Amino acid sequence: MSAQNPSASAAVRRRLGALALHPLTLALAAAVALLALGEAISPGFASPGQIVSQLTIAALLGMVAAGQTLVIIGGREGIDLSVGGVISLCAFVAGNLMAGTDAAIPLALAATLALGFAVGLLNGLGIVLLRIPPLVMTLGMTGVIQGALVILTRGVPSGRSAPALTALMNQPLVAGIPGVLLLWAAVALGVCLLLHNTAFGVRVYAIGANPEVARIAGMRPERIRALLFGLSGMFAGLTGFLVLGYTGSVFVGIGLQYVLPSIVAVVIGGTSLAGGIGGYLGTIGGAITLTVLQSLLITLDAGPAGRQVIFGLTLLVLLLLYGRQRGLRG
Amino acid sequence: MSAATSGIGPRLRRSTWLLALGSALLLAAINLALQPSFLEPGVMASNLTTFLPLILVAIGQTWVVLASDIDLSIGSTVSLVNVVTVVVIDALGGDAAAIAAGMAAGVATGLGCGLVNGLCVARLRFQPIVTTFATGVVFAGLALMVLPEAGLPVPEVYWRGYAGGLFGVRSVVLVLAAALLLCLVIERTRFARALRASGGQMQAAYQSGVPVTWTRIRAYLLAGFFAALAALCLTGETASGDPLLGGAYALSSISAVVLGGTALAGGVGGFLGSVFGAVVLGLIGNVIFFARLPFEYQTLVQGLIVLAALAGGVLVARR
Amino acid sequence: MPLLELSDLRKRYGGIVALDGADLALEAGEVHVLIGANGCGKSTLCKVIAGSVLPDSGVLRIDGAERRFRSPREAAAAGVGVFYQELSLVPSLSVEDNLLLGREPRRFGLVDRRAVRREAERQLALFAGALGPELAPDSRVADLSADQRQVVEILKVLGEDARLILFDEPTSSLDRRQVAIFFELVRALKREGRTVVFISHRMDEIFEIGDRVSVMRDGRVVETTAVADTDPGRIVRAMVGGEAAAGGAPGAAPGTAPAPARPGDATLLRVDGLSAPRVDGVSLELRAGEILGLGGLHGQGQSALLRGLFGIEPGVRGRIEVEGRPLRRPTPADSIRAGLAYISGDRGRDGVALLRPILENLAYGLVTREGGVAFPRGRVAGRLGPVVERLGLRFGSLSDPVRSLSGGNQQKVVIGRWLATAPRVILLDDPTKGIDVNAKADLFRMVRELAEAGAAILLYSSEDGELLGHAERVLVFNGGRIVRELSGEGLTRHALNEAAYATPGATPGAEAGAAA
Ligand SMILES: Nc1ncnc2c1ncn2[C@@H]1O[C@H](COP(=O)(O)OP(=O)(O)O)[C@@H](O)[C@H]1O
Ligand SMILES: [Mg+2]
């Protein structure tokens, strides 16, 4: 550190305090507590192998949630319900492009990302040009994509993952860690850098926190917002690509299970649905916590019903902790 | 000509349901062309039977949306009411009293779900989207606990009564008429005005002495009530319990509400538009079926029409 | 015993102190005027009485009994009615629905729409002939003009039949005829023994209608007198707390008199026949080193001119040249790159992003001016160091949210944002709204330094003292036009007042004759 003033230790202490209260820390602490609980109830729950497989599931959720984080931070009720449709669509397209051959992977990846981005951008244009609320726009888009998929697939699972992609998802690459986790780390680094160390990131937070201030400071909130939806589509596309590797082949509704958890992961991670604050680190914590919670509920043998009830109640408790809105009285 | 079009914007803004009515009539005409028997009473009644649950759920959703909130749990509420009703009827032996008790339990369940949502959103000030998603998960889980698998038929009188009628009028028509009458009465209360004021500009409504919190809670109660009504109708239609019955209703009710011209931002719109919106969604299915398009086209076309209607509504209102 | 008594009311919003121990007593049947600079806490005081703001501490008594309103509903039940400055109308509802919101007449438990219409028509008839033909009971409030909305809000409060009615700047958009009708209604209220609190910035109105006047400054009531025992000069002195604080900046560079503009300095900004919504054919020239003031009553187009120049509001016509280069249909980004900066006193709306770190808020201007991809926080902080130092900004850490700062320091962040871009022309839009005396002094010290360093400054202020103390020339606005130019010997408080107050902001054209 450079030259210090007398209050340096106070500053360090404050830093540490902030770190302890960071959503990522909180969420990871919750995840560790859940793991410990699981281990106590069913030994082996927190074994390295189990942890890796849970992280793999969390990685998929975490990638969708990356895009979700961006649109939510961008404010104006930003939310992307179409990620599920995009995941399904992109998994389908990727599966049919690669049709089980490794050689087609680059092409399939490029096509997937481009397609995801295009769909997302379409959402964004509808939202900023036609001023359709994001919730409805992306919901309508989901209908269109699902409809298109049903027609394209005729309801039969189709496409096949290439062996290398499947290996990326399911086989250890280095030190027992599958490639997908390394990929997630890379994505995380990229998103965090984008949000915190680029001018674009500064603009994203600005338009989310106060679009009028951003506009007066010469930013273009509409353009940025549309772009954010494009990026969200792109991350959903990437997820679809990986989901294909994870499951081998694709059925129409495969992506829909990710929609609401991706939003919940963002919220648990401390990003406000009102926009302008939060970040991807918290979302990572949220995705991991959510995944561990779900698998703990499976281990508990609570049955599908009990799992859902506990899951929902947990969310409500989390909302109580940091999901409250401003009161009407000043 | 320009004088005439200049009046459309304000007109549409006030009667937000006109666009949905127009779309419904257009689709009905297409339907009639494709299916000449469309206007026969039997066909109309069976269409109404199919559309009625969504109509009711959409009406329920409308109150909540008018207050600028949303209810994503409304589908799970439908499921929960359905299973509670059949389980109570079954447990009490299935006679007329049991049926009445079951239906009452169902309505109470719906109101209970609405109350939970209303308290969380309006009283505790949770964000409505995430909150009702979470309560929806809980309600769905509870439904699975009450009745883990589809089944448990209701007594014959229940579904026969629903399929039949009273004084020569079909039950579905009676239910619809009663629901619309109830809506008309609600629309004449101070509550309906408080609702639009709260949804239009919550701070102003609060400062004007409108009981905003209680108004929002009542909107969720109404959503729960209409969801319960829809569930009782569905129970009559399927004649049994199914914990997954309500699955798709949350999202399709929102589509219907939006198609009907009610603004998601709150304050503008009304139940009538949602009724037409639900009918439009239903008729799209019919048209696709009779146009011999594969059934798979339904979601795509519905999605496109919802988006087109939204875009159109925005463009018209902007003039 | 007073009808209403407030003692030691306090209210903070984050770092901003809105009420700082305010006391007030209202007698039954009086018209009590409340006056004070923008941001001194008048509206907050009203809202506390109305139950829509909960004070941090303090006591409110009605008829001697201590009351604690938990909602506007409770206050209304106790006989308090409020005209809210920002209005309490629901834009998406009709006029009649707004007028009777929450107290609609009912028959058999249901709203009697015909009675609603009758009642609304009866109320609107009070302003018959002064509202324009397009105002019908079923017009949407969103479609009304500013004056029509204020009239509706007036009628809405009157309909509440309250014992105590607070009017928070009800006349700011009304024309002379509407004001006259309003005053008749106030006199009628008085005859019925009701108590009225009236807030206005227009001196003539205060002396016309008021019985007693209380002056507020920095969250406190500093003086209460009978209107008959005071005069505008004394009120203004009480408002600004002595000439020194209002005019010259204490602790500023020696020589508080405005630096004379150096002849021959380059013209940095030339505006020719600029029109925009609320601005009507304004031309002006601004030289390097000059501080040009924009005066006149609030809302006469000064702010609209500045916002139009900077490209914030669309619909600007006319020629704009910055350093000789034309600026056509500017957007904020164009203006920033051309060397303009815009500092508004309305921090919440267009100054700071409260939730974001101080560092980012300071860097918004740079990000636009310089473009670029990376945002190296450490290096940006280093670059902003001198600016932060110069501002005398007090903060914990640059990564703390702006919300943690006091109002004055928040405003310094806005200024710092623009200082960092080294602007040539600085547009100040009532920049001292709601900041304390010291922060004001700091601000103007900086503005002078910038001018001395060769920047050109266009200053709109709703406080005359600031114009008198810092501007060499003042253009007085009325109805979107420049109606008077004051400079040198002619630039006095009296002349400013005369030019601004002589003509209650009426239709453009009317003031030309009145000013003459
Ligand atoms: N809701 C609020 N949040 C934050 N600051 C506020 C709020 N309301 C008022 N303030 C601040 O409190 C101070 C007093 O404001 P106000 O009572 O509106 O003054 P006045 O009506 O005299 O112009 C100002 O500095 C204003 O910015
Ligand atoms: Mg005020």
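Residues numbered from 1 in each chain as written. Chains lettered and ligands numbered in written order. Predicted model: local features only at pLDDT ≥ 70, side-chain atom pairs only at ≥ 80, totals over all residues. Heavy atoms only, no water.

In this assembly, 44 residues from chain A lie in contact with 42 residues from chain B. Approximately 3,800 Å² of surface area, both sides summed, lies buried where chain A meets chain B, with 79% of it carried by carbon and sulfur atoms. Three residues stand out in chain A for area buried against chain B, namely Ile151(A), Gln325(A) and Leu328(A), and they jointly supply 17% of the buried area on that side. Counting every contact that joins chain A to chain B gives zero salt bridges. Where chain A meets chain B, there are zero residue pairs in polar contact (both at pLDDT 80 or more). Those elements giving two or more residues to the side of chain A that touches chain B turn out to be helix H6 (134-153), helix H12 (259-268) and helix H14 (303-322) of chain A. Ranked by residue count, the leading element in the side of chain A that touches chain B is H6(A), at 13 residues. Split into classes, the residues belonging to the side of chain A that touches chain B amount to 29 nonpolar, ten polar and five charged. (Contact = heavy atoms within 4.5 Å. Buried area = accessible area lost by both parts, 1.4 Å probe. Salt bridge = Lys/Arg side-chain N within 4 Å of Asp/Glu carboxyl O. Polar contact = N/O pair within 3.5 Å; in protein donor to acceptor, adjacent residues only side chain to side chain. Helix = DSSP H or I, 4+ residues; strand = E, 2+ residues; numbered from the N terminus. Nonpolar A, V, L, I, M, F, W, Y, C, P; charged D, E, K, R; others polar.)

Once that is clear, we can look at the site of ligand 1. Residue and element names in this part refer to chain C. In the vicinity of ligand 1 lie 13 residues, with Gly39, Gly41, Lys42, Ser43 and Thr44 positioned nearest. Within the contact set of ligand 1, an oxygen atom lies 2.5 Å away from a side-chain nitrogen or oxygen of Thr44. Across the complex, the protein chains shield 69% of the 560 Å² of accessible surface that ligand 1 would expose by itself. When residues of the shell around ligand 1 are assigned to their parent elements, the largest contribution, three residues, is made by helix H1 (residues 42-50). In the shell around ligand 1, the residues fall into five nonpolar, seven polar and one charged. (Near = heavy atom within 4 Å. Areas by Shrake-Rupley, 256 points an atom, 1.4 Å probe, with all protein chains shown as cover.)

Residue and element names in this part refer to chain C. Strand order across the open sheet formed by four strands is E14-E13-E16-E17, with antiparallel pairing between neighbours. Each edge of the open sheet carries a strand with a single partner, namely strand E14 (279-287) and strand E17 (325-326). Pairing analysis gives two bridges linking strand E16 (residues 317-322) to E17, with the strands arranged antiparallel. Bridge pairing in E17 places Glu321 opposite Pro326. (Pairing = 2+ DSSP bridges.)

Now for empty space enclosed by the protein. Residue and element names in this part refer to chain C. Applying the stated criterion across every chain yields a total of six cavities of 30 Å³ or more. Taken as a whole, the second largest cavity encloses approximately 130 Å³ of empty space. Lining the second largest cavity are 13 residues, and of these Val48, Pro55, Arg67, Arg68 and Phe69 sit closest to its centre. If you tally residues by element for the lining of the second largest cavity, the top one is strand E4 (residues 57-62), at three residues. Tallied by class, the residues present in the lining of the second largest cavity amount to eight nonpolar, two polar and three charged. (1 Å grid on protein atoms, 1.4 Å probe; cavity = no way out; pocket = protein on both sides within 12 Å on 5 of 7 lines; lining within 4 Å. Points joined across faces, edges and corners; volume = space filled by probe spheres on them.)

Counted under the stated rule, the structure contains eleven aromatic pairs over all chains. Pairing Phe289(B) with Phe290(B) gives two aromatic rings, centres 5.0 Å apart and planes at 85 degrees, and the pair type is edge-to-face. Residues Phe183(C) and Phe198(C) carry aromatic rings whose centres are separated by 5.8 Å and whose planes lie at 85 degrees to one another, so their mutual orientation is edge-to-face. Here Phe198(C) lies in strand E10 (residues 195-199) and Phe183(C) lies in helix H6 (residues 176-191), a separation of 15 residues in the sequence. Assigned by exposure class, Phe183(C) and Phe198(C) land together as buried. Among the aromatic residues, those joined into a cluster by ring pairs are Phe83(C), Phe167(C), Phe182(C), Phe183(C) and Phe198(C). The cationic tip of Arg356(C) hangs over the ring face of Tyr205(A); the distance from NZ or CZ to the ring centre is 3.7 Å. (Phe/Tyr/Trp six-rings, centres within 6.5 Å; stacked < 30°, edge-to-face > 60°. Buried < 20%, exposed > 50% of the residue type's maximum accessible area, 1.4 Å probe, protein only. Lys NZ or Arg CZ within 6 Å of the ring centre and 35° of its normal.)

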